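Observations on the model geometry
Each chain, letter by letter, is given below.
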Amino acid sequence: MQAIEVTEPGGPEVLRPTEMERPAPVAGEVLIKTAAIGVNRADLLQRQGHYPPPPGASPLIGLECSGTIAALGPDVDGWAVGDACVALLAGGAYAEYVVAPAGQVVRPPESVDLITAGGLIEVAATVLANLDLVGLRAGERFLVHGGAGGIGSFAIQYAKALGAEVTATAGSPDKLDYCRSIGADHALSYRDDWPAATESITGGAGLDVILDNMGGSYLDDHVRLLATAGRLVVIGLQGGRKGTLDLGRLLTKRGQVHATSLRPRPVEEKTAICARVAERVWPMITDGRIRPAPQTTFPLAEAAAAHRLLESGDNLGKVLLLPQE
(Lines give C-alpha, C1' and ligand atoms only; values in the text may rest on other atoms or scores of the structure.)
Protein backbone atom coordinates (compact mmCIF):
# COMPACT_ATOMS: atom_id res chain seq x y z
CA MET A 1 0.00 0.00 0.00
CA GLN A 2 1.00 3.63 -0.40
CA ALA A 3 1.67 5.54 2.82
CA ILE A 4 3.35 8.74 3.95
CA GLU A 5 6.41 8.44 6.17
CA VAL A 6 8.30 11.10 8.12
CA THR A 7 11.94 10.75 7.10
CA GLU A 8 13.12 12.90 10.05
CA PRO A 9 11.60 15.62 12.23
CA GLY A 10 11.26 18.83 10.28
CA GLY A 11 9.20 20.85 7.83
CA PRO A 12 6.61 19.57 5.34
CA GLU A 13 9.38 18.42 3.01
CA VAL A 14 10.13 15.46 5.34
CA LEU A 15 6.80 13.85 4.38
CA ARG A 16 7.58 11.28 1.69
CA PRO A 17 5.36 8.77 -0.15
CA THR A 18 6.49 5.20 0.38
CA GLU A 19 5.31 1.64 -0.16
CA MET A 20 4.56 -0.37 2.98
CA GLU A 21 3.07 -3.72 3.84
CA ARG A 22 -0.67 -3.56 4.41
CA PRO A 23 -1.51 -3.95 8.13
CA ALA A 24 -3.66 -6.83 9.33
CA PRO A 25 -6.35 -6.51 12.01
CA VAL A 26 -5.97 -8.46 15.24
CA ALA A 27 -8.71 -9.33 17.73
CA GLY A 28 -11.13 -6.45 18.19
CA GLU A 29 -9.84 -4.50 15.18
CA VAL A 30 -11.00 -3.79 11.64
CA LEU A 31 -9.02 -2.99 8.51
CA ILE A 32 -10.23 0.12 6.66
CA LYS A 33 -9.56 1.05 3.05
CA THR A 34 -9.32 4.81 3.39
CA ALA A 35 -11.41 7.17 1.27
CA ALA A 36 -10.43 10.46 2.93
CA ILE A 37 -7.96 11.32 5.69
CA GLY A 38 -8.30 14.36 7.92
CA VAL A 39 -5.25 16.59 8.39
CA ASN A 40 -5.07 18.09 11.89
CA ARG A 41 -2.71 20.41 13.76
CA ALA A 42 -1.58 17.47 15.87
CA ASP A 43 -0.20 16.00 12.64
CA LEU A 44 2.02 19.06 12.18
CA LEU A 45 3.38 18.62 15.69
CA GLN A 46 4.10 14.93 15.14
CA ARG A 47 5.92 15.73 11.90
CA GLN A 48 8.08 18.25 13.80
CA GLY A 49 8.94 15.64 16.42
CA HIS A 50 6.92 17.24 19.23
CA TYR A 51 3.96 14.84 19.50
CA PRO A 52 5.03 11.19 19.34
CA PRO A 53 2.33 8.51 19.02
CA PRO A 54 1.18 6.71 22.17
CA PRO A 55 2.83 3.35 22.95
CA GLY A 56 1.64 0.67 20.55
CA ALA A 57 0.18 3.10 18.00
CA SER A 58 1.26 3.23 14.37
CA PRO A 59 4.29 5.47 13.74
CA LEU A 60 2.47 6.90 10.72
CA ILE A 61 0.73 10.26 11.13
CA GLY A 62 -3.05 10.59 11.01
CA LEU A 63 -5.84 10.68 13.61
CA GLU A 64 -8.98 10.20 11.52
CA CYS A 65 -10.27 8.78 8.28
CA SER A 66 -13.33 7.66 6.39
CA GLY A 67 -13.49 4.60 4.20
CA THR A 68 -14.88 1.10 3.87
CA ILE A 69 -14.31 -2.02 5.92
CA ALA A 70 -11.75 -4.22 4.13
CA ALA A 71 -11.31 -7.01 6.69
CA LEU A 72 -12.42 -7.99 10.19
CA GLY A 73 -10.25 -9.22 13.02
CA PRO A 74 -11.44 -11.95 15.37
CA ASP A 75 -14.23 -11.09 17.81
CA VAL A 76 -15.62 -8.20 15.76
CA ASP A 77 -19.38 -8.04 15.39
CA GLY A 78 -21.70 -5.57 13.70
CA TRP A 79 -19.51 -4.88 10.67
CA ALA A 80 -19.21 -6.47 7.23
CA VAL A 81 -16.66 -6.05 4.49
CA GLY A 82 -17.69 -3.11 2.30
CA ASP A 83 -19.50 -1.15 5.05
CA ALA A 84 -18.92 2.61 5.01
CA CYS A 85 -17.29 3.95 8.17
CA VAL A 86 -15.33 6.71 9.87
CA ALA A 87 -12.62 6.06 12.45
CA LEU A 88 -10.97 7.94 15.31
CA LEU A 89 -7.34 6.83 15.47
CA ALA A 90 -4.23 7.12 17.62
CA GLY A 91 -2.18 7.18 14.40
CA GLY A 92 -1.72 5.50 11.04
CA ALA A 93 -4.28 7.28 8.84
CA TYR A 94 -1.82 8.61 6.22
CA ALA A 95 -2.07 5.39 4.20
CA GLU A 96 -4.33 3.52 1.81
CA TYR A 97 -5.22 1.07 4.59
CA VAL A 98 -5.33 1.45 8.37
CA VAL A 99 -6.34 -0.77 11.30
CA ALA A 100 -8.53 0.59 14.09
CA PRO A 101 -10.18 -0.71 17.26
CA ALA A 102 -13.74 -1.59 16.28
CA GLY A 103 -15.15 0.60 19.08
CA GLN A 104 -13.52 3.67 17.54
CA VAL A 105 -15.23 3.03 14.19
CA VAL A 106 -18.76 4.27 13.50
CA ARG A 107 -20.96 4.64 10.47
CA PRO A 108 -20.95 8.12 8.92
CA PRO A 109 -23.96 10.40 9.27
CA GLU A 110 -26.81 9.68 6.89
CA SER A 111 -26.59 11.54 3.57
CA VAL A 112 -22.93 12.55 4.11
CA ASP A 113 -20.55 11.32 1.41
CA LEU A 114 -17.35 9.54 2.38
CA ILE A 115 -15.05 12.39 1.37
CA THR A 116 -16.86 14.92 3.55
CA ALA A 117 -17.07 12.34 6.34
CA GLY A 118 -13.27 12.08 6.43
CA GLY A 119 -13.05 15.33 8.36
CA LEU A 120 -15.85 14.85 10.88
CA ILE A 121 -15.00 12.38 13.63
CA GLU A 122 -11.95 14.06 15.19
CA VAL A 123 -13.52 17.50 15.48
CA ALA A 124 -16.84 16.08 16.67
CA ALA A 125 -15.19 13.89 19.30
CA THR A 126 -12.95 16.71 20.53
CA VAL A 127 -15.70 19.30 20.84
CA LEU A 128 -18.32 16.98 22.30
CA ALA A 129 -15.97 15.44 24.88
CA ASN A 130 -14.76 18.82 26.10
CA LEU A 131 -18.12 20.58 26.18
CA ASP A 132 -19.56 17.56 27.98
CA LEU A 133 -16.69 17.88 30.47
CA VAL A 134 -17.46 21.51 31.32
CA GLY A 135 -21.22 21.18 30.93
CA LEU A 136 -22.01 23.98 28.49
CA ARG A 137 -25.69 24.86 28.90
CA ALA A 138 -28.35 26.85 27.07
CA GLY A 139 -28.10 30.57 27.73
CA GLU A 140 -24.40 30.50 28.63
CA ARG A 141 -21.74 32.59 26.86
CA PHE A 142 -19.18 30.56 24.90
CA LEU A 143 -15.92 31.56 23.16
CA VAL A 144 -13.88 29.57 20.65
CA HIS A 145 -10.79 30.67 18.73
CA GLY A 146 -10.07 29.79 15.12
CA GLY A 147 -13.75 29.79 14.28
CA ALA A 148 -13.16 29.16 10.56
CA GLY A 149 -11.07 26.02 11.11
CA GLY A 150 -12.20 22.46 11.64
CA ILE A 151 -12.58 22.53 15.44
CA GLY A 152 -13.83 26.11 15.50
CA SER A 153 -16.49 25.75 12.84
CA PHE A 154 -17.84 22.62 14.49
CA ALA A 155 -17.75 24.17 17.97
CA ILE A 156 -19.70 27.24 16.83
CA GLN A 157 -22.52 25.11 15.49
CA TYR A 158 -22.57 22.57 18.31
CA ALA A 159 -22.63 25.31 20.97
CA LYS A 160 -25.47 27.06 19.12
CA ALA A 161 -27.36 23.78 18.96
CA LEU A 162 -27.01 23.58 22.75
CA GLY A 163 -28.50 27.07 23.03
CA ALA A 164 -25.36 29.03 23.93
CA GLU A 165 -24.45 32.57 22.87
CA VAL A 166 -21.33 32.11 20.73
CA THR A 167 -18.34 34.38 20.20
CA ALA A 168 -15.64 33.27 17.75
CA THR A 169 -12.33 34.74 16.63
CA ALA A 170 -10.73 34.51 13.19
CA GLY A 171 -8.06 36.30 11.21
CA SER A 172 -9.67 37.80 8.09
CA PRO A 173 -12.94 39.47 7.06
CA ASP A 174 -13.92 36.46 4.92
CA LYS A 175 -13.38 34.09 7.82
CA LEU A 176 -15.31 36.34 10.19
CA ASP A 177 -18.19 36.38 7.71
CA TYR A 178 -18.03 32.58 7.55
CA CYS A 179 -18.22 32.35 11.36
CA ARG A 180 -21.36 34.49 11.34
CA SER A 181 -22.87 32.44 8.51
CA ILE A 182 -22.71 29.24 10.58
CA GLY A 183 -24.20 30.77 13.70
CA ALA A 184 -21.65 32.85 15.62
CA ASP A 185 -23.44 35.67 17.42
CA HIS A 186 -20.21 37.67 17.57
CA ALA A 187 -17.14 37.33 15.34
CA LEU A 188 -13.94 39.13 16.37
CA SER A 189 -10.59 39.51 14.66
CA TYR A 190 -7.79 38.10 16.78
CA ARG A 191 -5.57 40.72 15.12
CA ASP A 192 -7.49 43.41 17.04
CA ASP A 193 -8.13 43.84 20.76
CA TRP A 194 -10.48 40.86 21.04
CA PRO A 195 -10.36 40.75 24.88
CA ALA A 196 -11.69 44.31 25.11
CA ALA A 197 -14.34 43.56 22.50
CA THR A 198 -15.37 40.46 24.46
CA GLU A 199 -15.70 42.46 27.67
CA SER A 200 -17.92 44.91 25.83
CA ILE A 201 -20.08 42.11 24.42
CA THR A 202 -20.62 40.54 27.84
CA GLY A 203 -21.06 43.87 29.61
CA GLY A 204 -18.31 42.83 31.97
CA ALA A 205 -20.23 39.72 33.08
CA GLY A 206 -17.69 37.42 31.43
CA LEU A 207 -17.71 34.13 29.57
CA ASP A 208 -19.09 30.92 30.98
CA VAL A 209 -17.04 28.55 28.80
CA ILE A 210 -13.90 29.07 26.71
CA LEU A 211 -12.59 26.36 24.36
CA ASP A 212 -8.91 27.26 24.06
CA ASN A 213 -6.49 26.03 21.40
CA MET A 214 -3.90 28.72 22.19
CA GLY A 215 -2.65 27.91 25.66
CA GLY A 216 0.03 30.03 27.30
CA SER A 217 -0.20 33.31 25.44
CA TYR A 218 -3.93 33.70 26.09
CA LEU A 219 -4.05 32.28 29.63
CA ASP A 220 -4.11 35.57 31.52
CA ASP A 221 -6.75 37.09 29.23
CA HIS A 222 -8.90 33.98 29.43
CA VAL A 223 -8.94 33.84 33.22
CA ARG A 224 -9.71 37.56 33.34
CA LEU A 225 -12.62 37.07 30.92
CA LEU A 226 -14.22 34.19 32.82
CA ALA A 227 -17.59 34.77 34.44
CA THR A 228 -18.26 33.68 37.99
CA ALA A 229 -18.08 29.86 37.95
CA GLY A 230 -16.67 30.05 34.40
CA ARG A 231 -14.80 27.15 32.83
CA LEU A 232 -11.69 27.28 30.65
CA VAL A 233 -10.77 24.10 28.79
CA VAL A 234 -7.37 24.03 27.06
CA ILE A 235 -7.11 21.67 24.08
CA GLY A 236 -4.09 23.11 22.24
CA LEU A 237 -0.87 25.02 22.75
CA GLN A 238 -0.50 27.10 19.58
CA GLY A 239 0.38 30.06 21.81
CA GLY A 240 2.93 28.20 23.91
CA ARG A 241 3.13 25.86 26.89
CA LYS A 242 3.56 28.46 29.65
CA GLY A 243 1.62 31.52 30.75
CA THR A 244 0.72 33.57 33.80
CA LEU A 245 -2.09 32.16 35.93
CA ASP A 246 -3.60 34.62 38.41
CA LEU A 247 -4.78 32.19 41.08
CA GLY A 248 -6.30 34.98 43.14
CA ARG A 249 -8.56 36.02 40.27
CA LEU A 250 -9.44 32.39 39.53
CA LEU A 251 -10.26 31.81 43.19
CA THR A 252 -12.43 34.91 43.40
CA LYS A 253 -14.38 33.81 40.34
CA ARG A 254 -14.63 30.21 41.51
CA GLY A 255 -13.32 29.40 38.05
CA GLN A 256 -12.10 26.11 36.64
CA VAL A 257 -9.20 25.40 34.28
CA HIS A 258 -9.10 22.05 32.48
CA ALA A 259 -6.48 20.74 30.07
CA THR A 260 -7.38 17.69 28.01
CA SER A 261 -6.09 15.58 25.13
CA LEU A 262 -8.02 12.98 23.15
CA ARG A 263 -5.27 10.96 21.46
CA PRO A 264 -3.66 9.18 24.46
CA ARG A 265 -6.92 8.12 26.10
CA PRO A 266 -7.54 4.38 26.44
CA VAL A 267 -9.62 2.57 23.85
CA GLU A 268 -12.52 2.22 26.28
CA GLU A 269 -12.83 5.98 26.73
CA LYS A 270 -12.56 6.70 23.01
CA THR A 271 -15.11 3.97 22.29
CA ALA A 272 -17.59 5.70 24.62
CA ILE A 273 -16.90 9.09 23.01
CA CYS A 274 -17.40 7.70 19.49
CA ALA A 275 -20.69 6.12 20.51
CA ARG A 276 -21.82 9.44 21.98
CA VAL A 277 -20.83 11.25 18.76
CA ALA A 278 -22.93 8.85 16.69
CA GLU A 279 -25.87 9.16 19.07
CA ARG A 280 -25.75 12.88 19.79
CA VAL A 281 -23.96 14.64 16.91
CA TRP A 282 -24.77 12.67 13.77
CA PRO A 283 -28.52 13.49 14.00
CA MET A 284 -27.61 17.19 14.18
CA ILE A 285 -25.71 16.83 10.91
CA THR A 286 -28.50 14.84 9.30
CA ASP A 287 -31.16 17.44 10.16
CA GLY A 288 -28.95 20.40 9.21
CA ARG A 289 -28.28 21.93 12.64
CA ILE A 290 -24.58 21.31 11.99
CA ARG A 291 -23.12 21.68 8.50
CA PRO A 292 -19.79 20.02 7.69
CA ALA A 293 -17.03 22.57 7.17
CA PRO A 294 -15.73 23.29 3.66
CA GLN A 295 -12.92 20.94 2.59
CA THR A 296 -9.70 21.44 0.67
CA THR A 297 -8.42 18.15 -0.72
CA PHE A 298 -4.98 16.91 -1.80
CA PRO A 299 -3.86 13.53 -3.15
CA LEU A 300 -2.26 11.44 -0.42
CA ALA A 301 1.11 11.74 -2.16
CA GLU A 302 0.90 15.53 -1.74
CA ALA A 303 0.71 15.43 2.05
CA ALA A 304 3.52 17.99 2.24
CA ALA A 305 1.41 20.55 0.34
CA ALA A 306 -1.52 19.86 2.68
CA HIS A 307 0.68 20.54 5.69
CA ARG A 308 1.94 23.78 4.17
CA LEU A 309 -1.62 24.99 3.68
CA LEU A 310 -2.66 24.14 7.24
CA GLU A 311 0.46 25.80 8.66
CA SER A 312 -0.20 28.95 6.63
CA GLY A 313 -3.55 29.54 8.31
CA ASP A 314 -5.10 30.34 4.93
CA ASN A 315 -7.43 27.34 4.83
CA LEU A 316 -11.14 27.51 5.53
CA GLY A 317 -12.55 24.44 7.25
CA LYS A 318 -10.86 21.05 6.92
CA VAL A 319 -7.89 19.83 4.89
CA LEU A 320 -8.19 16.25 3.59
CA LEU A 321 -5.91 13.75 1.88
CA LEU A 322 -7.37 11.43 -0.75
CA PRO A 323 -5.70 8.10 -1.59
CA GLN A 324 -5.47 7.36 -5.29
CA GLU A 325 -7.72 4.63 -6.68
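Observations regarding the overall build of the protein
Looking only at helices and strands, one finds 10 helices and 15 strands in the protein. Dimensions of the protein, computed from the C-alpha atoms along their principal axes, are close to 60 × 40 × 35 Å. For the protein, with 325 residues in total, the buried portion stands at 53%. Looking at the protein alone, contacts between residues at least 24 apart form 68% of all its contacts between residues at least 6 apart. When the accessible surface of the protein is summed, it comes to about 13,600 Å², and 51% of that surface belongs to carbon and sulfur atoms. Measuring between centres, the 28 positive side-chain charges of the protein sit 6 Å from its 37 negative side-chain charges.

Examining the nonpolar core
If you look at soluble globular proteins, the nonpolar side chains tend to sit buried side by side. Within the largest apolar cluster, 48 residues are counted, with the highest numbers of intra-cluster contacts made by Phe 142, Tyr 158, Val 281 and Trp 282. Residue assignment for this core shows that the elements contributing at least two residues are strand 5 (84-88), helix 3 (121-134), strand 8 (141-144), helix 4 (150-161), strand 9 (165-170), helix 5 (173-181), strand 11 (207-212) and helix 9 (267-286). If you look at the next biggest cluster of nonpolar residues, it comprises 30 residues, including Val 30, Ile 37, Ala 304 and Ala 306.

A closer look at the packing of aromatic side chains
All told, the structure shown has 2 aromatic pairs when counted by the stated rule. Note on Phe 154 and Tyr 158: the rings are 6.1 Å apart at their centroids and 20° apart in plane angle, and the pair reads as stacked. In this pair, Phe 154 and Tyr 158 both sit in helix 4, 4 residues apart, roughly one turn of the helix. A centroid spacing of 4.9 Å and a plane angle of 45° characterise the contact between Trp 194 and Tyr 218, whose relative ring orientation is tilted. With a gap of 24 residues between them, Trp 194 in helix 6 (residues 194-202) and Tyr 218 in the loop between strand 11 and helix 7 (219-225) connect regions that are remote in the sequence. Grouping residues by exposure puts Trp 194 and Tyr 218 together as buried. If you follow Arg 263 out to its NZ or CZ, it ends over the ring of Tyr 51, 4.8 Å from the centre.

Structural notes on the sheet that holds strand 8
With respect to topology, 6 strands assemble into an open sheet ordered 10-9-8-11-12-13, the strand pairing being parallel. Each end of this open sheet is capped by a strand with a single partner; those strands are strand 10 (186-189) and strand 13 (256-259). Direction aside, the axes of adjacent strands within the sheet are offset by 15° on average. With 4 bridges joining them, strand 12 (residues 226-234) and strand 13 adopt parallel strand pairing. Residue pairing for strand 13: Arg 231 is matched across the bridge by Gln 256. Contacting strand 8, strand 9 and strand 11, helix 4 crosses the sheet at an angle of about 170° to strand 8.

A few points about unusual backbone geometry
The residue Ser 111 is not glycine, and still its phi comes out positive at about 70°. Its place among the elements puts Ser 111 in the loop between strand 7 (105-106) and helix 2 (114-117). A relative accessible area of 74% means that Ser 111 is categorised as exposed. Phi is positive for Arg 254, close to 55°, though the residue is something other than glycine.

Examining helix 3
The end-to-end C-alpha distance of helix 3 is 20 Å, a good match for the 20 Å that 14 residues give at a rise of 1.5 Å each. The buried fraction of helix 3 is high, at 12 of 14 residues. Buried residues of helix 3: Ile 121, Glu 122, Val 123, Ala 124, Ala 125, Thr 126, Val 127, Leu 128, Ala 129, Asn 130, Leu 131 and Val 134, and no others. After helix 3 finishes, the residue Gly 135 shows a positive phi value of roughly 65°.

Concerning a nonpolar patch on the surface
Residues Leu 245, Leu 247 and Val 257 make up a contiguous nonpolar surface patch of roughly 250 Å² in combined accessible area. Topologically, Val 257 is positioned in strand 13.

The rules behind the values
Residues numbered from 1 in each chain as written. Predicted model: local features only at pLDDT ≥ 70, side-chain atom pairs only at ≥ 80, totals over all residues. Heavy atoms only, no water. Helix = DSSP H or I, 4+ residues; strand = E, 2+ residues; numbered from the N terminus. Buried < 20%, exposed > 50% of the residue type's maximum accessible area, 1.4 Å probe, protein only. Contact = heavy atoms within 4.5 Å. Areas by Shrake-Rupley, 256 points an atom, 1.4 Å probe, with all protein chains shown as cover. Lys, Arg positive; Asp, Glu negative; His and termini not counted. Charge placed at Lys NZ, Arg CZ, Asp CG, Glu CD. Core = buried A, V, L, I, M, F, W, Y, C linked by side-chain atoms within 4.5 Å. Phe/Tyr/Trp six-rings, centres within 6.5 Å; stacked < 30°, edge-to-face > 60°. Lys NZ or Arg CZ within 6 Å of the ring centre and 35° of its normal. Pairing = 2+ DSSP bridges. Axes fitted to C-alpha atoms, helices over the stretch in contact; angles between N-to-C directions. Expected span 1.5 Å × (residues − 1). Patch = residues over 30% accessible without salt bridge, like charges linked within 9 Å, V, L, I, M, F, W, Y side chains within 5 Å. Salt bridge = Lys/Arg side-chain N within 4 Å of Asp/Glu carboxyl O.

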